[in-house]
Amino acid sequence: MAPSKRKRGKGVACVAPAGYTAIPVKFSEKHQSPHYLYVKEHKVRDETDPNRPPNRTLFILNVPPYCTKECLLRLFSSCCSVQSVEMYEKPRLGEKPEAPESKFFNTKTLLGFKVAYVVFKNPAGIQAAQSLSTKGPLVISSVNHPVQTGIHKWISGYAASLIDPAELKKEVDAFMQAYDQKVAEEDANAEDEDGVPDEEGWVKVTRRGRRPGIPRTEAANLRALEREKRKRARKELLNFYAWQHRETKREHIAQLRMKFEEDKQKIALMRAQRKFRPY
Amino acid sequence: MLEDAERDANRGDQEAGEANNSPAKESRPRGKRRALASEGLLQPVKVSKATLYKPPTSEELSQLKETENLFHSNLLRLQIEELLKEVTLKEKRRQKIDAFLHQINALLAKIPATTETDMTDQSWLPKGVKVPLVQVPFSVKGRFHFLPPVSVKVVGSYLLGTCIKPEVNVDVALTMPRAIFQDKDNLNQRYHRKRALYLAHVAHHLAKEPLFGSVMFAYANGNHLKPVVLLQPQGKDAKTVTVRLYACPPQGLFKPCRLYPGKNNVRTAWFTEKGAPTAGEAEPPTPHYNNSILWDLAMEAHLQFLSGSASDFPGMRDGVALLKVWLRQRELEKGFGCFNGFLASMLVAYLLSRHQINKVMSGYQVLRNVLQFLASTDLTTSGISLSKDGDGSLPTLTDFHRAFQVVFVDSSGLVNLCADMSASKYKQIQFEAKHSMEVLDDRTVDGFQLLLITRKSLIHAFDHWPINAEPPKHKDTGSLSFGLLLSPDFAASVLEKGPEADSPEAVEFRKFWGERSELRRFQDGSICEAVLWDATTQSQKRLIPEQIIRHLLQLHTDIPGSAICYTGALLESLIRLGREPAGTGEEAMVDVVRSYDDLSRKLWNLEGLPLTVTAVQGAHPALRYTDVFPPVPVIPDYAYYARNKDRESLVPLAEKPCPVYISPMKVLCHMEGSGQWPQDQEAIRRIKAAFQIQLAELLRRQYHLLCRPGPAYTDVYKDGYVFRLRVAYHREPQILKEVVTPEGMLKYQDTEESLRLELETLHLPFLTSTLHGLQQQHPAFGSTCRLAKRWVSAQMLNDSLSEECVDLLVASLFLCPAPYMAPSSPQVGFLHFLRLLATFDWKNSPLIVNLNAELKVFEENSERSSWVFQNAWWRASAISAQHHKMNMVFRPPLDLYDVLIHLNPKQIPRHLQAVDRPVKSFSRGMLASDAAVKTLAFPVVDYDPVQLYLRELQASIMRGRMMAPNTESLTVPNVAAILEDFEILGEGLVRAVETRSEKWSI
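Residues numbered from 1 in each chain as written. Chains lettered and ligands numbered in written order. Predicted model: local features only at pLDDT ≥ 70, side-chain atom pairs only at ≥ 80, totals over all residues. Heavy atoms only, no water.

### Some words on the overall build of chain B
Turning to step 1, where the next piece is worked out: On a plain count of helices and strands, chain B comes out with 31 helices and 26 strands.
Turning to step 2, where the next piece is worked out: Considering only contacts within chain B whose residues lie at least 6 apart along the sequence, 72% involve residues at least 24 apart.
Turning to step 3, where the next piece is worked out: Counting every atom, chain B has about 48200 Å² of accessible surface; 54% of that belongs to carbon and sulfur. (Helix = DSSP H or I, 4+ residues; strand = E, 2+ residues; numbered from the N terminus. Contact = heavy atoms within 4.5 Å. Areas by Shrake-Rupley, 256 points an atom, 1.4 Å probe, with all protein chains shown as cover.)

Below, the structure written as C-alpha cells:
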C-alpha cells in the first residue's frame, strides 16, 4: 500500500457523519488500517420498545462483518456493564419480531456490515463509549478472545449445520401442539359469537359444511363482475342503428391508424439503431 | 449509349422530389422520433383524438387496404420500405456515377488502334499489362489488332434500378468492331483470346488515366474464360462504384447453329497438341464453351428483355432488390456458378411471362413468389425456357439437359443462363428457399429479420487482381472449406447397415466403404454388409463424421489425413470430465438420472407415510443434462475428515485440503393435499419438517439409505450422489400470498417469499422436465448449454445471467433456429448462442421461448432478459469476431480489475475444473469409485469455501457502501481497511491480495 492512500483513508474516516462519533476498530494487533464504528445515542421520537430504554441505548453503524455480538459485548463492557446487544442488517424500529424465536426456523446469518444497538445498565456508559474515539483502535480478535474467520469459521459453520433430528422433532411437536390449541380456541370463539349480535346489533352469519358459499376474495369478486358484463353484452344489439355502424367503422380505422403510428415508431427506433443495414 | 442512364437518372430525380416532399409533410413527428431514438426505448404512442378520428382520405384508405392485401402486416411493409431505402442508391451517388460513366465513354473512344499481328505475337503489349486469360495451349491461329469499340452501353442492374448497395457494380458492354474478327473465330478459344487481348489493351490505356483509382482484372462470375476490367474512381470516391467492362462481339458475328449445345468448337487435336485428328472420330460437344460465346452475343438482348418486363412494374425493382439481399445474406450470389442478381431478374421476368406474377404485386409478393417457385421447381430435371415456341430448329430442353446440370434458357432459346451452376448449388438454393418459405409462413417468428437481415455464410473466393499480374488459375483458390449439415438421426450412429450380403447392391456398398465394410449377422437373422465405427462415448460418437470423411477421402481420392482439418470438436476439452478419456459428461449425467429415477420410484413406494406422495420432480441442472460439471459418485475416505459420531456425519478438517465438492441435487417431493394441512405458513413449515424427518426415517428403514434430515430439506446419500429432498405442499405459495384488505376482502399478492417458492416448486421442476424432453429430441442441446454456461461464467457474467436463463436461451436456439437449422453439435450451438447474444434486440423485444410448442411465455425470463443482456451483448459481439481462438474466449479477462485476490489451491475443491486445467491438484478425500467400502457417515455436502467467501465479500462490499443513506460522506469507502478485510474474511483461503491500481476512482 502506498502511504498516500493510507493517509487519505484516515483523513476521510475522521469526518464522522453529523451527530456520530467515530471509534476506530481493527481486527487484530497486527493489522494496520482500522475501520470506524459510528456511534450515537439512540433517540427516536416514538420509541416505546422497553428493550431500548432512552439514555442508555447506543446506536452503532458500520459494524465490520467479523464483529459478532459477543465482541461488541466484550468491547463495550470496558466502559460500563452492558445489558444487551442487538444486531441487524438495517436500522429498524423496536417492533416485535414477526416470527417466534426458533433454533431451526427463520434463522438468518448476518453477512457484511451491520448496525447494532447496545444497551448499558447505566446512562454513563454512553459517554464512556463515545470517549473511546480518542483512544487507540479497539481490537476485535485478541489472544484471549480469538474470533474465527475464513476456513475455520466456515468449518464450524458446517459443523453447526448438522442438527439433531430428535431435537427438531421435539420443537416441531411443541409448536404444532400450541398451534392446534390456538386454532381450536379460535374455532370455539367463533362458535360462541355465532348468532350473537354485536354492540350495533349486527349478526354475523357463516355457512359451514361442504359448500361454504362464495369466499370473499378479490378474484371471486372480479369473476362476478366479469359475468355481469358478459350478460349485458349479450343483450345489446350491435350495428343495429346506422350510427352504430358508422361508429364501428370509425373505431376500426382509428385502430388501424393507432397501429400504424406504433409501427412507425418501432421502425424509427430500429432505423436509429441501424437495424436495416443488412450487411 | 449513355442516354438510357440519363433517362433513368431523370426518373430518379422525380422520385427524389417526391421523396423529399413526403418527409417535409411529417417533419414534426420526425423530430419527436429522433428524441425517442436517442433513448433507444419504446414509449407508448400518443395520438390526439382529433387526428385519430378525422375522416380518412381516399389515399389513406387505399394505403391501409393495400397493406392488408399486399403485405403480411403494417410492420412488415414499413420494414421492407426501410430496408429498400437502405440498399437503393441515393440520387447524389447516381449523379456521380453517371458523370463517371460519361468520362469513361469519352476515354474509351480515344484509345488508339494497333497494327495487325499474329495472335501469338503479343510483343506489342506493353510491359505493365498481362493477358487476363490462361493461354493453354499457347499456339493458336488468327490475327488481332485493336480498334476502338463500336458502341459502349450500360447494361444490367444499374439501368433497371435493381442495383443495390454496398457493392455497386455497373456493367458496361463494349461492342468490338467486326473488323478485328475473322472466320472461324468461334473455334479453339480464338474469340476468347481476342476478347482478352482487347480488354488487356483497354486496361493498359485506362490505367494511365488519373481518373481511376484502380484498374484491375476479374473473372466474370468466376468463369475463367471470361475476364472483365474493373474500374474504380480516384480517391475517396473509390467505394462509390465499380464499373465492369465487358467486351462483346457485334450482332450476328457467329451463326447460332454452330454454337448449339451439341456442337464441338474446341478441337481435340488442338487442345491436346497431338497432331492431326483421326478421321471419322466424332468430336465431343463443348456446351459450356459455346454457351460462353452465346452469352456475350445475347447481352444486349437480355437487357432489352428485362427492361420490357420491368416497365410499369415497380414491384419488380423492389422484389429483385429484396431477392438480391436474400441471396447475399446466404452468400449464394458469389463465385463460379452462382445465383446472381441478373439471374434473379430473369427469373422474375420468367414468372411474369408465365403469369405467376403480375404487375401490381408488391416487392414482398414478388420475393415470396420467387422463393415459392424455387422451392417447388427442380431445374435440374425440368428446366424452364423463356423462348416462345415456334422455331423448330432451336435445340430442345432435352438437348440442354443432356449438356448442363441446371437449365434455364433465355428468350432467344440459345443461351442457358444457369450453364455454370452445378446441381448441388441449385439444391442448396432450393433448400434455402424451402426453409425461408417455412419461416415466412410461421406467424410466430419475425420473418423479416430472419430472412433479410440475418447473415448466413460460409464461402470464400478470390475476386480480382492487378492488371500486371498473371491471371489466377483454378488451383490458386487456397484450401477448401466444406460445411456439413448433419442429420441428428444418423450423424452419431455407430453402425452403417448396408444391403444383404448376396444382393447386387452389396458389391457397390463394399466398393464404396472399402475394407471397413464387413459382413455382420443382425438380430433379425439377416446377414448384411455393415460398417462399424469405434466410438463408445457421446463425444467420440460426435466425431464419427470425421472418421468417415478421413476414411473415404483416403480411400477414393488419396487425400492423406494430414491434409484434412476437421474443426467439429474444438471446444470439447472445456466440458471434458476427469483425467482419463472419460468423455464429455453425457454418460455421467445418464448415470445421475438413472440413480434419480430409482430414488423417485422408492419414494413412491414408501410405506407408512400419513399422506401419499403425488409427484417427485427433479430441479437440478444435471437432471436436464445441462450441468457444466455433472456430479460424480463420491465415496469419502474417512482419514481426511473429522467425524461427528452423534450425527453420523463427516466434517472437513482445516489442515487437510478442502474435501471434494458434492453438489446436492434438489428433488421435490409433492405431498397429497388434505384437510389436515394447516393453513398458516409457520405451521406448514413445521409440518414439512416433520415430513422430512419421517421420510428420512422410512428411507433408512425400508431401503437402508443414509439420510440426514433437517428443517428445510433431507439429504439422501445414494450411489455416491447426494439428493436434497424437499417436501412441497401445492397450496403453500397461495397461502404466502394471502393479504386481507381493510374491507375484509381476501386478496392474493405476490411476495418475495411466494415468488421464490413458486420458482422452486413449480417453475424449476417444469423447466427441468421440459428441457429433459428437449434433450431427447436434440442430443446436442445439453452440451451446448454447458458450453454457454462455461462461457458466461468465464466472462464473469453469471451473477446477472442465471443458469436457468442460459438454459432457456439455448433452448430457444433449438426451438426456433431459423434461418439456420437446429445445431447438431455443441460447438455450432455455442456459436449460435454467441450470435443470439450479439444480434438480438434485447432492449425492445422480448425473447419468447416457446417450450412444448404451446405459445406460453416464460414471462419472468423474457422480462428479466431485457436488462440483463445489455452488458453481455457487447462482449459477445466483440468476441464472436475472433472465435477461432477458442480457449482464449473462455479465459476470463483479468486486466480490467483493480484488485486480484489469489486463492490457495489447497482450499479450492473445484481446482481441476479450471479452463486451463492444472497438471496436478490435491487429493480430496475420496476413494476410487469401485472401492468396496460401506459408507456409514454422511459425506461433506455443498461445502465450497470459495463460494462462501464470495458470498461474504459481496455482502460486505455491497452493503458496506450503503450504510447510513442520509450521510453522504460515508459513501466514500475506506479502501485500506477494505483491502485488509479481504484477507481477514478469507483467512486460510486467500494467498495474496494484489492491488493493481494506484488511483481509486470511487
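Anyway, onward from the coordinates.
### Some details on a negative patch on the surface
Turning to step 1, where the next piece is worked out: Together, Glu185, Glu186, Asp187, Glu191, Asp192, Glu193 and Asp194 of chain A make up a negatively charged patch on the protein surface.
Turning to step 2, where the next piece is worked out: Here Glu191 of chain A shows up in helix α5 (residues 165–193). (Patch = residues over 30% accessible without salt bridge, like charges linked within 9 Å, V, L, I, M, F, W, Y side chains within 5 Å. Salt bridge = Lys/Arg side-chain N within 4 Å of Asp/Glu carboxyl O. Lys, Arg positive; Asp, Glu negative; His and termini not counted. Charge placed at Lys NZ, Arg CZ, Asp CG, Glu CD.)

### Some words on the sheet that holds strand β5 (residues 114–120) of chain A
All names here are of chain A.
Turning to step 1, where the next piece is worked out: Spatially, six strands are ordered β4-β5-β3-β2-β1-β6 in an open sheet, and the strand pairing comes out mixed. This sheet does not close on itself; its edge strands, each paired only once, are β4 (82–88) and β6 (138–139).
Turning to step 2, where the next piece is worked out: In the sheet, strand β3 (residues 57–63) pairs with β5 via five bridges, with the strands oriented antiparallel. Pairing of Ile60 across the sheet is with Ala116, part of β5.
Turning to step 3, where the next piece is worked out: Contacts between helix α2 (residues 69–77) and the sheet are confined to β1 (21–26), β2 (35–41), β3, β4, β5 and β6, with β4 contributing the most and set at about 140° to the helix. (Pairing = 2+ DSSP bridges. Axes fitted to C-alpha atoms, helices over the stretch in contact; angles between N-to-C directions.)

### Comments concerning the environment of Asp597 of chain B
Turning to step 1, where the next piece is worked out: Checked against the element boundaries, Asp597 of chain B lands in helix α20 (residues 586–604).
Turning to step 2, where the next piece is worked out: Separated by 20 residues in sequence, Asp597 of chain B and Gln617 of chain B place their C-alpha atoms 9.8 Å apart.

### So, the sheet that holds strand β13 (residues 527–532) of chain B
Residue and element names in this part refer to chain B.
Turning to step 1, where the next piece is worked out: Overall, antiparallel pairing links the three strands, which are arranged β11-β13-β12 in an open sheet. Strands at the two margins of the open sheet, each flanked by one partner only, are β11 (495–500) and β12 (517–521). The mean angle between the axes of side-by-side strands here comes to 40°, regardless of whether they run parallel or antiparallel.
Turning to step 2, where the next piece is worked out: The pairing of β11 with β13 spans four bridges and is classified as antiparallel.

### Considering the packing of aromatic side chains
Turning to step 1, where the next piece is worked out: Per the counting criterion, the structure on display carries 25 aromatic pairs over all chains.
Turning to step 2, where the next piece is worked out: Ring plane angle 80° and centroid distance 6.4 Å describe the contact between Trp791 of chain B and Phe833 of chain B, whose orientation is recorded as edge-to-face. Placement of the pair is Trp791 of chain B in helix α24 (residues 781–794) and Phe833 of chain B in helix α26 (residues 826–839), with a sequence separation of 42 residues.
Turning to step 3, where the next piece is worked out: Put simply, the rings of Phe509, Phe512, Trp513 and Trp533 of chain B pair up and form one aromatic cluster.
Turning to step 4, where the next piece is worked out: The cationic tip of Arg52 of chain A hangs over the ring face of Tyr117 of chain A; the distance from NZ or CZ to the ring centre is 3.6 Å. (Phe/Tyr/Trp six-rings, centres within 6.5 Å; stacked < 30°, edge-to-face > 60°. Lys NZ or Arg CZ within 6 Å of the ring centre and 35° of its normal.)

### Describing the nonpolar core
All names here are of chain B.
Turning to step 1, where the next piece is worked out: Of all hydrophobic cores here, the largest spans 122 residues; its most connected members are Val243, Leu245 and Phe408.
Turning to step 2, where the next piece is worked out: Setting aside its immediate chain neighbours within four residues, Val243 contacts Phe100, Leu101, Ile104, Val170, Val172, Val229, Leu230 and Leu231.
Turning to step 3, where the next piece is worked out: Core analysis: the next-biggest nonpolar cluster, separate from the first, contains 58 residues, Tyr641, Val940, Tyr943 and Ile984 among them. (Core = buried A, V, L, I, M, F, W, Y, C linked by side-chain atoms within 4.5 Å. Buried < 20%, exposed > 50% of the residue type's maximum accessible area, 1.4 Å probe, protein only.)

### Observations concerning α2 of chain A
Turning to step 1, where the next piece is worked out: Among the residues making up α2 of chain A, those that are buried are Cys71, Leu72, Leu75 and Phe76 of chain A. Projected down its long axis, α2 of chain A carries its buried residues within an arc of 110°, all on one side. (Arc of directions from axis to C-beta.)

### Focus on a nonpolar patch on the surface
All names here are of chain A.
Turning to step 1, where the next piece is worked out: Side chains of Leu237, Phe240, Tyr241 and Trp243 sit close together on the surface and give an oily, nonpolar patch of about 500 Å² of accessible area.
Turning to step 2, where the next piece is worked out: Take Tyr241: it is sitting in the loop between α6 (218–235) and α7 (242–272).
Turning to step 3, where the next piece is worked out: Owing to a relative accessible area of 47%, Tyr241 belongs among the partly exposed residues under this scheme.

### Overview of the pairing of strand β20 (residues 714–718) of chain B
Residue and element names in this part refer to chain B.
Turning to step 1, where the next piece is worked out: Counting buried positions along β20 gives five out of five residues, so the element sits mostly inside the fold.
Turning to step 2, where the next piece is worked out: In β20, alternate side chains face the same way, and those of Thr714, Val716 and Lys718 on one face and Asp715 and Tyr717 on the other are all buried.
Turning to step 3, where the next piece is worked out: The sheet contact formed by strand β19 (residues 706–709) and β20 spans four bridges and is antiparallel. In the strand pairing of β20, Arg708 is matched with Asp715.
Turning to step 4, where the next piece is worked out: Hairpin connection of β19 to β20: four residues between the antiparallel strands.
Turning to step 5, where the next piece is worked out: In this structure, β20 lies alongside strand β21 (residues 721–728), joined through five bridges in antiparallel fashion. Counterpart to Asp715 in the pairing with β21 is Arg724.
Turning to step 6, where the next piece is worked out: Linking β20 back to β21 in an antiparallel pair, the connection comprises two residues, with Asp719 at a positive phi of about 55°.

### Quick look at the environment of Ser81 of chain A
Turning to step 1, where the next piece is worked out: One can find Ser81 of chain A in the loop between α2 and β4.
Turning to step 2, where the next piece is worked out: Non-local contacts of Ser81 of chain A, meaning those with residues more than four positions away in its chain, are made with Phe120 and Lys121 of chain A.

### Here we look at α26 of chain B
Residues and elements named next belong to chain B.
Turning to step 1, where the next piece is worked out: Between its terminal C-alpha atoms α26 stretches 20 Å, which fits the 20 Å expected from 14 residues at 1.5 Å a residue.
Turning to step 2, where the next piece is worked out: With ten of 14 residues buried, α26 is to be regarded as a mostly interior element.
Turning to step 3, where the next piece is worked out: Here α26 has its buried residues at Pro826, Gln827, Gly829, Phe830, His832, Phe833, Leu834, Leu836, Leu837 and Ala838. (Expected span 1.5 Å × (residues − 1).)

### Here's the deal with the pattern of salt bridges
All names here are of chain B.
Turning to step 1, where the next piece is worked out: If you walk through the whole model with that rule in mind, you get 41 salt bridges over all chains.
Turning to step 2, where the next piece is worked out: A salt bridge links Asp598 to Arg601, with the nearest nitrogen and oxygen atoms 3.7 Å apart. With Asp598 and Arg601 both in helix α20 and three residues apart, this pair spans about one turn of that helix.
Turning to step 3, where the next piece is worked out: Salt bridges sharing common partners tie together Asp598, Arg601, Lys602, Lys718 and Asp719.

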